[in-house]
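The chain contents come next:
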Amino acid sequence: MTVEGPNGHPLLEVKRLKKYFPIRKGFMRREVGAVRAVDDVSFHINRGETLSLVGESGCGKTTTARCILRAVDPTDGQILFRPTEDTVFDVAQSTRRELRRLRRDMQMIFQDPFSSLNPRFPLLEIVGEPLLVNGMRSGRERQERVEELLRLVGMRPEYMRRFPHAFSGGQRQRIGIARALALNPTLVVADEPVSALDVSVQAQILNLLLDLQQKLGLTYLFVAHDLSVVKHLSDRVAVMYVGRLVEMTDRERLFNSPRHPYTEALLSSVPEPDPRRRSQRIVLEGEVANPAAPPSGCYFHPRCRYAQDVCRTDTPVWEEVAEGHWVACHRAKELELAGVRDRLPMNTAAGNSTNPATNATLAAGSATDGDATDDSE
Amino acid sequence: MATLAAGKRRPLLRVHNLKTYFFPDEGTVRAVDGASFEVCAGQTLGIVGESGCGKSVTARSILRIVEHPGGIVEGEIRYLHRTDGREVELDLAQISADGPEMRQIRGGEIAMIFQEPMTSFSPVHPIGSQIVEAIRLHSPLGKREARERAADLLRQVGISRAEARLNEYAYQLSGGLRQRAMIAMALSAEPRVLIADEPTTALDVTTQAQILDLLRQLQTDLGMAIILITHNLGVVAEMCDTVVVMYLGRVVEEGSVDAIFHNPKHPYTRLLLQSIPSLYSEARVPLPTISGAIPHPYNRPEGCPFHDRCPQFIPGTCDRHVPELQALDEEKSDQLVSCFLYHEPTDERA
């Protein structure tokens, strides 16, 4: 199966990706089991779009991202990467030589701007290192490129002789972004790029990421757990639970008409910064399943309020229930689940006046999802 | 200081003009520089602000656990101490930090839950023995009864197999369970005030929802006052009755949760609220931002601490004078703001 995006082939196609970490025990370090960190995950990212991977800690979203960059070797599956329309590489099978070439096209922005920059290097060397490694030997050329990059991320080039300790968290994150962009990548994997930042700085970095995407035509794979941030940045969203994808679709459908009960619960547990929207939320009982000993059938069934017998015995199939809307749930077609629009504010007038554009969606959504709100506890 | 709209009830805890400074060799850090607020039984007060705003130091000052080289230099922390069935007003800022009264209050009447439960529990003792220790410190129970009480507490905060869990170590529990155990320990002496310092920051949203639910339930059952310290405005909107917004050690605005979120007055509060993406806001458009970054503690701006980032900066006023926290208007004084957009400078400090 090859998916064709609106701009030809997708930039990245992940097919049946698996990453198992062995559990070893005893004197002989015998393998006694495996943590199924990523368990049969398939998705694609089109050129120029932002796909977000969301889920709770330990769901495998970071491992998936690291497999794509081959920071860890996947156990099984294909990662088809097309730096240009006519070339295709399977990153999962690539040799070290090939990877060196490919990694210019795929770069990473890290979560913690304090531990991801070497404190002993000045900015010039931090941002210039990828250039040096990839053959830009002339110091003068490198310096010019670093100046250009620093300007691009909104930092003053005069700072390039300074060391990371002289900068605040937001500025350090800008430095990390400049380093990631040094080699003109096509795909940028951003693993929780704003979660370590203060609220007032977070907005600056989110704006920068959107701006850079427009200017440079970047494609983002965004790994995050903050759903408000994900909503703001993404074109499409994929939800993971215990190593598997449970739902993937475009932003508006995922947030307004989710099809998987886990997505519904996740959306409902986000506290909204508006005291007039305090709502009855779905509080998931229990804990995330252990990926070393997952439950039978659908991994989510012990916490799912819609679970039936079939959910306990059979693994749900990852299928396209509507165009571009993928879900793995036995009851995806029959359930009417609540999205964020169904969390009606107590004072509707306040909600309407702040964002008139949303009213159309609100009216359209409430007609079908009306009864679903009643049983949300 | 004007009282908040907390009814006619007598507040349990009143903090007035609290100043906690640190004196490292490099200079003075004014971590808390004149904080005032109060909280009543059964109510939740939110203290919001970004890193370095002094919210955690405020909490530690109340419990008198500010580390060296810091200390309270000015201000009052009036607490209604319950002793022999009577209530006596004590100024916690004045009494000895390790005297008998403070030791009775700390952990007994005012308890605290910390952000990172992994580092707050001892890694080498089972959580049961740590909770038992806390119980026996504040009550005359014997070992066996204290252990039963500990198991009850774990059940109360929703931990299953409570007896078995008592023998487990902190590393064996998941983040959510650890935070529940932390809450159980804080509740062991039935505190009247619970200070929760970023209680859900390290947790996933689904676990966060569980913990917030639990705190609300416990407050209804036990009638505690809760001081919730957080940078997450969603959590504040969800949980609090009144809100204090802090910036660089000073309270910039204070009011009912509805006033703060729907009628914010201080430019900082307004910008903070606008700059967070919401599930309801339009996606992929530039967010309003606050220019610059939080200044380094040694480089505090003169005058209003926010003036160099403020879009409504009044030259000659904001950079010269320090605004005081004042009621917005004299009639209904439930919203306080410290900003020269709303009142003239009163001090002559330059």
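Here the residue index of a chain counts from 1 through its sequence in written order. Naming scheme: in the order in which they are written, chains are lettered from A and ligands are numbered from 1. Under the rules for a predicted model, residues below a pLDDT of 70 receive no local features and side-chain atom pairs below 80 are neither given nor counted, while totals for whole chains, interfaces and linings still include all residues. Neither water nor hydrogens contribute to the side-chain values; these are computed over all heavy atoms in the structure.

Take the overall build of chain A next. Put simply, DSSP H or I for four residues or longer makes a helix, DSSP E for two residues or longer makes a strand, and each gets a number counted from the N terminus. Helix and strand counts for chain A stand at 12 helices and 12 strands. To sort residues, take the accessible area from a 1.4 Å probe on protein chains only and compare it with the maximum for the residue type: under 20% means buried, over 50% means exposed, and anything in between is partly exposed. Expressed as a percentage of its 377 residues, the buried residues of chain A come to 55%. The contact criterion used throughout is that any non-hydrogen atoms of two residues lie within 4.5 Å. In chain A, 65% of the contacts between residues at least 6 apart in sequence involve partners at least 24 apart. Working definition of accessibility: Shrake-Rupley area with a 1.4 Å probe, residue cover restricted to the visible protein chains. Counting every atom, chain A has about 16700 Å² of accessible surface; 48% of that belongs to carbon and sulfur.

Our focus in this paragraph is the domain arrangement of chain B. Residues and elements named next belong to chain B. Split into domains, chain B comes out as domain 1 (12-109 + 193-292) and domain 2 (116-188). Here the quantity called buried area is the accessible surface, traced with a 1.4 Å probe, that two parts lose on coming together, added over both. Where domain 1 abuts domain 2, roughly 1100 Å² becomes buried across the two surfaces, and 70% of that area is made up of carbon and sulfur atoms. If you sort the residues of domain 1 by the area they bury against domain 2, Ile-211, Leu-214 and Leu-218 come out on top, with a joint share of 35%. Each reported salt bridge corresponds to a side-chain nitrogen of Lys or Arg within 4 Å of a carboxyl oxygen of Asp or Glu. For the pair domain 1 and domain 2, the interface holds 0 salt bridges. Of all the secondary-structure elements, those providing two or more residues to the side of domain 1 that touches domain 2 are helix 2 (100-105) and helix 8 (205-222). Broken down by class, the residue content of the side of domain 1 that touches domain 2 amounts to 10 nonpolar, 5 polar and 2 charged. Segmentation into domains, and thus their bounds, comes from an automatic or database assignment. Residues are grouped as follows: Ala, Val, Leu, Ile, Met, Phe, Trp, Tyr, Cys and Pro are nonpolar; Asp, Glu, Lys and Arg are charged; every other residue, Gly included, is polar.

Burial analysis of helix 9 (residues 261-268) of chain A places 8 of its 8 residues in the buried class, which makes it a mostly covered element. Residues of helix 9 of chain A that are buried include every one of Pro-261, Tyr-262, Thr-263, Glu-264, Ala-265, Leu-266, Leu-267 and Ser-268 of chain A, and no others. Looking at the packing, one finds that the buried side of helix 9 of chain A touches helix 7 (227-233), strand 9 (236-241), strand 10 (244-250) and helix 8 (251-256) of chain A together with helix 8 of chain B.

This part takes up the interface of chain B and chain A. Taken residue by residue, the interface counts 47 residues in chain B and 51 residues in chain A. Between chain B and chain A, roughly 4100 Å² of surface is buried when both sides are summed, and carbon and sulfur atoms account for 53% of that area. Per-residue buried area on chain B facing chain A is highest for Leu-279, Tyr-280 and Arg-284 of chain B; these three make up 25% of the total on that side. Pairing of N or O atoms within 3.5 Å defines a polar contact, subject to two protein rules: one partner must be a possible hydrogen donor and the other a possible acceptor, and residues neighboring in sequence count only if both atoms are side-chain atoms. Inspection of the region where chain B meets chain A yields 27 residue pairs in polar contact (both at pLDDT 80 or more).

A word on helix 5 (residues 169-181) of chain A. Residue and element names in this part refer to chain A. Working rule for helices: expected span equals 1.5 Å times residues minus one. Here helix 5 spans 19 Å end to end across 13 residues, near enough to the 18 Å set by a 1.5 Å rise per residue. Of the residues making up helix 5, those classed as buried are Gly-169, Gly-170, Arg-172, Gln-173, Arg-174, Ile-175, Gly-176, Ile-177, Ala-178, Ala-180 and Leu-181. The secondary structure elements touched by the buried residues of helix 5 are strand 6 (106-109), helix 3 (123-133), helix 4 (139-152), strand 7 (187-191) and helix 6 (199-216).

Residues and elements named next belong to chain A. By domain assignment, chain A separates into domain 1 (12-239) and domain 2 (261-327 + 334-374). Counting residues at the interface gives 12 residues for domain 1 and 12 residues for domain 2. Summed over both partners, the interface of domain 1 with domain 2 buries about 1000 Å², with 61% contributed by carbon and sulfur atoms. At the junction of domain 1 with domain 2, the criterion picks out 1 salt bridge. For the salt bridge of Glu-56 with Arg-303, the shortest nitrogen-to-oxygen distance reads 3.7 Å. Between the two partners, domain 1 and domain 2, sit 3 residue pairs in polar contact (both at pLDDT 80 or more). Contributing elements (two or more residues each) for the side of domain 1 that touches domain 2: strand 2 (30-45) and helix 7. Looking at the side of domain 1 that touches domain 2, the element that brings in the most residues is strand 2, giving 5 residues. The class makeup of the residues in the side of domain 1 that touches domain 2 is 5 nonpolar, 3 polar and 4 charged.

Let's shift gears to the pattern of salt bridges. Scanning the model with the defined rule gives 40 salt bridges over all chains in all. Across the pair Arg-251 of chain A and Glu-252 of chain A runs a salt bridge whose closest N-O atoms are separated by 3.0 Å. Residue Arg-251 of chain A is classed as buried on the basis of its relative accessible area of 16%. Residue Glu-252 of chain A is classed as partly exposed on the basis of its relative accessible area, which comes to 31%. Across the pair Arg-78 of chain B and Glu-89 of chain B runs a salt bridge whose closest N-O atoms are separated by 3.6 Å. Of this pair, Arg-78 of chain B sits in strand 4 (residues 70-83) while Glu-89 of chain B sits in strand 5 (residues 86-91), and the two are 11 residues apart along the sequence. Salt bridges here are not isolated pairs; linked through shared partners, they connect Arg-281 of chain A together with Asp-213, Arg-216 and Glu-238 of chain B.

Residues and elements named next belong to chain B. When you line up the elements, Gly-52 lands in the loop between strand 3 (44-48) and helix 1 (55-62). Along the chain, Gly-52 and Ser-256 lie 204 residues apart, while their C-alpha atoms are 24 Å from each other. Beyond its immediate stretch of four places on either side in the chain, Gly-52 contacts Leu-248 and Gly-249.

So, about the sheet that holds strand 9 (residues 242-247) of chain B. Residues and elements named next belong to chain B. Strand pairing follows a simple DSSP-based rule, namely that at least 2 bridges must link the two strands. Taken together, the 8 strands give an open sheet; going across it, the order is 6-7-8-3-9-10-12-11, and neighbouring strands pair in mixed fashion. Looking at the sheet topology across the chains shown, the edges are occupied by strand 6 (110-113) and strand 11 (326-327). Where helix 11 (residues 267-274) meets the sheet, it contacts strand 9 and strand 10 (250-256), and its direction lies at approximately 100 degrees from that of strand 9. Note on definitions: angles span 0 to 180 degrees between N-to-C directions of axes, and those axes are lines fitted to C-alpha atoms, for helices only across the stretch in contact.

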